[in-house]
Amino acid sequence: MTATVTAPGPRRARFLGKKAVLPWLFLAPGLLLALVFKFLPMGKGVWLSFFDVRPFLGDQWVGLDNYTRVLTDHRFQDAIGHTLVLGIGMSIGGIVVGFLLALLLEGQARSLKIIRTAVFLPVVTATAVVGEMWRLMYYPTSDGLINSGLGFLGLGPVPFLDNPDTALWATMAMGIWMLAPYNMVIILAGLAGVDRSLYEAAAMDGVSLWQRLRHITLPAIRPALGIVLTLAAIRGLRVFTEVYVLTGGGPAGSTDVWMTRAYTLGFTRNDIGGASAASVVLLCVTLLLTVTVNYLRKRGDVR
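- As recorded in an unreviewed UniProt entry, the protein chain goes by Sugar ABC transporter permease and comes from Streptomyces tuirus.
- Annotation of the protein chain in UniProt includes, under Sequence similarities (unreviewed entry), the sentence "Belongs to the binding-protein-dependent transport system permease family."

**A closer look at the pattern of salt bridges**
- Per the stated rule, a full pass over the model turns up two salt bridges.
- Linking Arg69 and Asp271 is a salt bridge whose minimum nitrogen-to-oxygen distance equals 2.6 Å. Here Arg69 is found in helix α2 (residues 65–72), whereas its partner Asp271 is found in the loop between α12 (258–267) and α13 (272–302), with 202 residues between them in sequence.
- Between Arg135 and Glu132 there is a salt bridge, with its nearest N and O atoms 2.5 Å apart. In this pair, Arg135 and Glu132 both sit in helix α5 (residues 127–137), three residues apart, roughly one turn of the helix.

**Here's the deal with the nonpolar core**
- Counting residues in each nonpolar core, the largest one holds 19 residues, and the members touching the most others are Ala102, Ile187, Leu191, Val194 and Ile221.
- Counting residues per element, this core draws most heavily on helix α7 (residues 167–191), at five residues.
- Once you skip the residues sitting within four places of it in the chain, Ala102 turns out to touch Met184, Ile187, Leu188 and Leu191.
- Counting 13 residues, the second-largest nonpolar core is a separate cluster that includes Tyr67, Val70, Leu237 and Ala275.

**With respect to a nonpolar patch on the surface**
- Residues Leu32, Leu33, Leu35, Val36, Phe37, Phe39, Leu40, Met42, Val46, Leu283 and Leu287 make up a contiguous nonpolar surface patch of about 1,000 Å² in total accessible area.
- Taken together, the elements giving at least two residues each to the nonpolar patch come down to α1 (10–48) and α13.
- Looking at the nonpolar patch element by element, the count peaks at nine residues for α1.
- Here Leu283 shows up in helix α13.

**Remarks on the side chain of Thr260**
- With respect to the helices and strands, the residue Thr260 is situated in helix α12.
- Taking relative accessible area as the criterion, Thr260 reaches 2% and is therefore assigned buried.
- When near neighbours in sequence (up to four residues on either side) are disregarded, Thr260 contacts Phe240, Val243 and Tyr244.

**Digging into the UniProt feature "transmembrane region" (unreviewed entry) in the protein chain**
- Under the UniProt annotation, "transmembrane region" (unreviewed entry) lies at residues 21–40, 79–105, 117–137, 167–194, 215–234 and 272–296.
- Annotated as residues 21–40, this span is 100% helix and 0% strand, and its ends, taken at the C-alpha atoms, are 24 Å apart.
- Within the segment residues 215–234, helix and strand shares are 95% and 0% respectively, and the terminal C-alpha atoms sit 28 Å apart.

**Some remarks on the packing of aromatic side chains**
- Inspection of every chain in the model, using the stated rule, returns twelve aromatic pairs.
- On the basis of an interplanar angle of 40° and a centroid distance of 5.0 Å, the ring pair of Tyr138 and Phe160 is categorised as tilted. Of this pair, Tyr138 sits in the loop between α5 and α6 (145–152) while Phe160 sits in the loop between α6 and α7, and the two are 22 residues apart along the sequence.
- Relative accessible area serves as the criterion here: at 5%, Tyr138 is assigned to the buried category.
- Phe160 gets classed as buried once you look at its relative accessible area, which sits at 15%.
- Ring plane angle 20° and centroid distance 5.3 Å describe the contact between Phe240 and Tyr244, whose orientation is recorded as stacked.
- Among the residues examined, Tyr244 registers a relative accessible area of 41% and is labelled partly exposed.
- Connected via pairs of aromatic rings, a cluster forms that spans Trp47, Phe50, Phe51, Trp61 and Tyr67.
- Lying across the ring of Phe76, Arg261 places its NZ or CZ 5.8 Å from the centre.

**Let's talk about the environment of Ile234**
- Its place among the elements puts Ile234 in helix α10 (residues 222–237).
- Remark: the alpha-carbon pair of Ile234 and Ile221, spanning 13 residues in sequence, is separated by 20 Å.
- Not counting the four nearest positions on each side in its chain, Ile234 is found in contact with Thr286 and Thr290.

**Section: the environment of Pro159**
- As for its position among the elements, Pro159 is in the loop between α6 and α7.
- Relative accessible area serves as the criterion here: at 33%, Pro159 is assigned to the partly exposed category.
- Pro159 sits 117 residues away from Met42 along the chain, and the two C-alpha atoms are 39 Å apart.
- Leave out the neighbours within four places in its chain, and Pro159 touches Pro140 and Thr166.

**Section: α5**
- Restricting attention to buried positions, one finds in α5 the residues Val130, Gly131, Trp134 and Met137. Projection of α5 onto a plane perpendicular to its axis shows the buried side chains occupying an angular sector of 115°, all on one side. Summarising the geometry of α5, the exposed residues directed more than 90 degrees from the buried face are Val129 and Leu136.
- Close packing links the buried residues of α5 with α4 (110–124), α6, α7 and α11 (241–246).

Scoring rules and cut-offs
Residues numbered from 1 in each chain as written. Predicted model: local features only at pLDDT ≥ 70, side-chain atom pairs only at ≥ 80, totals over all residues. Heavy atoms only, no water. UniProt positions renumbered as here; feature names shortened; annotations may be inferred. Salt bridge = Lys/Arg side-chain N within 4 Å of Asp/Glu carboxyl O. Helix = DSSP H or I, 4+ residues; strand = E, 2+ residues; numbered from the N terminus. Core = buried A, V, L, I, M, F, W, Y, C linked by side-chain atoms within 4.5 Å. Buried < 20%, exposed > 50% of the residue type's maximum accessible area, 1.4 Å probe, protein only. Contact = heavy atoms within 4.5 Å. Patch = residues over 30% accessible without salt bridge, like charges linked within 9 Å, V, L, I, M, F, W, Y side chains within 5 Å. Areas by Shrake-Rupley, 256 points an atom, 1.4 Å probe, with all protein chains shown as cover. Phe/Tyr/Trp six-rings, centres within 6.5 Å; stacked < 30°, edge-to-face > 60°. Lys NZ or Arg CZ within 6 Å of the ring centre and 35° of its normal. Arc of directions from axis to C-beta.

Structure follows, in structure tokens:
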């Protein structure tokens, strides 16, 4: 007895074909925009990083000279240090403050929903607007908002943005204020999946608050913390608008980060090749960091 296999009919084949093509039709506008405004410029930037870009004179191939010049430039080396300090500080501060906000604002009460919406406003506000607002708050005279508060304590006025010793930390404070609400929302989503019976059992056993956080809350929200850590690491390396609006990299280059240095090189000194090389280096470091963080996160989840 032999089995016969019947091929799908023409009508079914047409149905499967339409079903396979339909999602791509919905994705096509977004993919086209991404191709034109993201991936093509990205490829062009990689290409220009190997040239000495000379408008109207013709680009000259220089190979890896742009990369060598960027990596050996002492200003870029200083910018790397500032980027790491600012990125690590903003990431850790944003995660810690976001976690505390999530613990304080967790619940289903209507008042908490209103407060969470108000706390989330810095995330949906344009970074340039937030930077200008904080620049006014940091106004270096006694009329400034923060300095007027310090005046009641007998301190100040402090030139937050005009002092090389405080400018980077002042920028970090604004970055934490902006990132913490975003992290709060992700951590709140993780807290929603925690089994409440575990808290009740821990309370009956007399477990302290710190032990509940350590042995119940943190393990339960580990996936959410992994996502937050990955996003924070990427944002920390690519910080630009906060620094550009507040200080422009000053004073005396004390807040110059990798992105502001690349911007200055490309649009102030008209060194498009060097700026492209700096951007490609940042892209490679970001990809490497993302892969590493994801690997460590998945390895921790398996354990």
